[in-house]
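Architecture and fold: a report
Residues per chain, in single letters:
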Amino acid sequence: MAFTPGTTALRGRILTFLRAPEAPGDRDSYTYIADGLVVVSDGRITAVGEAAALLSTLPVGMSVEHYPDSLILPGFIDTHIHFPQTQVIASYGAQLLDWLEKYTFIAEQRYADHAHAARNARFFLDELARNGTTSAVVYGSVHPGSVQALFHEAEGRGVGLVAGKVMMDRNAPTALTDTAQTSYDHSKALIGAWHGVGRQRYAVTPRFAITSTPGQLEAAGALLREHPGVYMQTHLSENLEEIREVARLYPKARDYLDVYDRFGLLGDRSLFGHCIHLSEREMARMHETASIAVFCPTSNLFIGSGLFDHAALENPARPVRMALATDVGGGTSYSLLQTAGEGYKVLQLRGQSWPALAAFDLMTRGNAAALGLSDDIGQIAPGRYADLVVLDPSSTPAMAHRREAIQGDLEEELFLLMTLGDDRAVRATYIQGRRAHDRDSVVI
Ligand SMILES: [Zn+2]
């Protein structure tokens with residue numbers, strides 16, 4: 001069934017970021033309208049401003065969806081999540097390589113079954129909407145059908161995804177491996193079928209250096225060269241044992257990043273999940289190539305991988321571009337609010353800090369910029385898709401109680417949302433101006 005974009009207006013407290021905040025209190029980094037209106041026509045935002053000024057300009061009969069006291073933000077963007085791991089989340093007691101073998105490689109085998117993939121694509125997209133996530137960068141399983149099912153479901157809902165089938169030709173169960181040639185062929189066919197079709201975009205997806213032979217990484221590089229505009233996603237420097245194994249498998253590489261570099265996998269559309277244990281040389285090379293380091297705090301804590309060094313990556317002499325993500329099922333929550341809250345704790349353990357403004361900017365505008373999609377998503381501004389999240393800062397008794405003491409301070413309210421908020425704080429989610437989730441009308 002084809003998706004029909006919405007034509008509507010939303011009224012509430014509007015918050016949208018204009019650039020990365022430099023410090024707490026950076027008032028010029030965002031626009032906040034205490035009683036604002038977002039006007040949507042055919043799925044795109046046509047106007048945003050004070051409700052008092054805009055209400056009288058609305059076409060006769062246009063509905064206004066009013067969320068008094070709620071915050072309306074651009075929908076959250078998750079830049080690293082595994083679609084076949086919805087039943088791996090919350091698996092006990094293993095670090096990366098064991099965790100892959102014991103849980104993930106078992107669950108991913110079921111995605112050979114198209115009906116299983118289709119059913120889980122529906123669950124996956126429902127869950128994103130429940131958490132206020134309106135776009136995501138997604139790993140499929142090794143089976144091209146898994147990505148086909150996901151793109152099909154997303155396009156039917158008007159959701160823009162970047163996704164790709166995992167390429168994996170060694171160090172995994174036979175049922176989950178392809179070959180350099182078949183991974184090339186299947187990825188190429190998916191690019192032809194889906195990249196740039198509607199809101200869908202493709203990411204060439206070698207899982208990581210351990211599960212790809214040099215021949216397969218060569219194939220990944222060829223796909224990128226032959227299809228300008230497609231993305232690349234993989235994992236980098238997540239776990240110390242993983243790093244040692246990569247050095248053993250690729251003895252000629254200078255370091256982990258160099259493995260990918262040798263095959264032409266770096267660039268401004270290349271997303272590297274984790275980037276915890278990078279050397280100075282690796283960070284400098286990521287800067288040079290405009291590659292993106294994806295911070296996945298709940299996953300890094302849960303799998304015991306280590307603490308992301310935000311300050312080192314941010315070094316003004318060679319800043320590395322960054323994005324934020326859940327990494328479900330290594331990650332423990334679909335909520336970018338909870339993800340940001342755990343990110344704050346990771347940085348605390350590093351002796352660093354993360355102001356709420358910076359976290360909310362990254363979940364929205366910052367992640368869109370990392371993907372080069374700022375013209376379409378990440379801000380509430382005319383021309384952008386009306387992908388929106390409506391947040392209720394008093395969604396639990398503890399939040400309502402704490403909020404009484406904040407007395408309307410916006411930054412404190414955002415910090416409350418990222419520290420105590422979760423899916424319950426998502427009052428509603430809109431995709432292209434259509435309500436995709438309504439917390440208060442869900443029948444249980
Ligand atoms: Zn991952």
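This structure is a prediction, so every number in the text was calculated from the model and none was measured.

**A look at the coordination of the zinc ion**
Surrounding the zinc ion are the protein donor atoms His80 (NE2), His82 (NE2), His235 (NE2) and Asp327 (OD), which sit 2.1 to 2.3 Å from the metal. Considered as a linear motif, the donors of the zinc ion on their single chain read H-x1-H-x152-H-x91-D. With a gap of 92 residues between them, His235 in strand S10 (residues 231-236) and Asp327 in the loop between strand S13 (321-324) and helix H12 (336-349) connect regions that are remote in the sequence. With respect to class, His235 is no different from Asp327; both count as buried.

**What about the pairing of S10?**
When you tally the buried positions in S10, you get six out of six residues, the bulk of the element. The pairing of strand S9 (residues 201-206) with S10 spans two bridges and is parallel. Following the sheet pairing, Val204 is matched in S10 by Met232. Where the polypeptide runs from S9 across helix H6 (residues 214-226) and back to S10, its parallel neighbour, the crossover connection is right-handed. Note that S10 and strand S11 (residues 270-274) share five bridges and pair parallel. By the bridge assignment for S11, Leu236 is matched with His274.

**Topic: helix H13 (residues 356-370)**
Along H13, the largest kink reaches about 55° and is centred on Leu362. Among the 15 residues in H13, 14 count as buried, and that is most of the element. The positive-phi residue at the C-terminal boundary of H13 is Gly372, with phi of around 70°.

How each quantity is defined
- Residues numbered from 1 in each chain as written.
- Predicted model: local features only at pLDDT ≥ 70, side-chain atom pairs only at ≥ 80, totals over all residues.
- Heavy atoms only, no water.
- Donors = N, O, S within 2.8 Å, 3.2 Å for Na, K, Ca; no water.
- Helix = DSSP H or I, 4+ residues; strand = E, 2+ residues; numbered from the N terminus.
- Buried < 20%, exposed > 50% of the residue type's maximum accessible area, 1.4 Å probe, protein only.
- Pairing = 2+ DSSP bridges.
- Right-handed = clockwise from strand over helix to strand, strands pointing away.
- Bend = angle between axes of the 7 residues up to and from the residue.

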